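Inside the fold
Read off the chains here:
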Amino acid sequence: IGLIYQTKGSLDTALKYHNDSLKIAQDIGDKEIEAHQLGNIGLVYTDKGELDTALKYYNDSLKIAQKTGNK
């Protein structure tokens, strides 16, 4: 849902859905989905032009991927 809102240009709504999904992934301990959602949030911040914030989310996603061995 977040990706659709992002495509439509509703970036704040996209962030809400991505953050909701991120919280669920964290609550259930699903690191793969957590990393994926962090990347999606990074994409939204990239679209918003907030590149430093986007980079933070991309790096957080990368750290999880490295810890879990996801190449």
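Notes on the structure in this doc start here. Quick caveat: nothing in here was measured; it's all calculated off a predicted structure.

How each quantity is defined
Residues numbered from 1 in each chain as written. Predicted model: local features only at pLDDT ≥ 70, side-chain atom pairs only at ≥ 80, totals over all residues. Heavy atoms only, no water. Phe/Tyr/Trp six-rings, centres within 6.5 Å; stacked < 30°, edge-to-face > 60°. Helix = DSSP H or I, 4+ residues; strand = E, 2+ residues; numbered from the N terminus. Buried < 20%, exposed > 50% of the residue type's maximum accessible area, 1.4 Å probe, protein only. Core = buried A, V, L, I, M, F, W, Y, C linked by side-chain atoms within 4.5 Å. Contact = heavy atoms within 4.5 Å.

**Details of the packing of aromatic side chains**
Inspection of the entire model under this criterion finds two aromatic pairs. Aromatic side chains Y5 and Y17 sit 5.6 Å apart centroid to centroid with 5° between the ring planes, which places their arrangement in the stacked category. Taken together, the residues Y5 in helix 1 (residues 2-8) and Y17 in helix 2 (residues 11-28) connect sequence positions 12 residues apart. For Y5, a relative accessible area of 27% gives the class partly exposed. Residue class for Y17 comes out partly exposed when judged on its relative accessible area of 30%.

**Considerations on the nonpolar core**
Membership of the largest hydrophobic core is limited to 12 residues, which are L11, A14, L15, L22, A35, L38, I41, V44, Y45, A54, Y57 and I64. For this core, the elements supplying multiple residues, two or more each, are helix 2, helix 3 (31-48) and helix 4 (51-68). Top contributing element to this core by residue count: helix 3, with five residues. With residues near it in sequence (within four places) discarded, Y45 still touches L15, E50, L51, T53, A54 and Y57.

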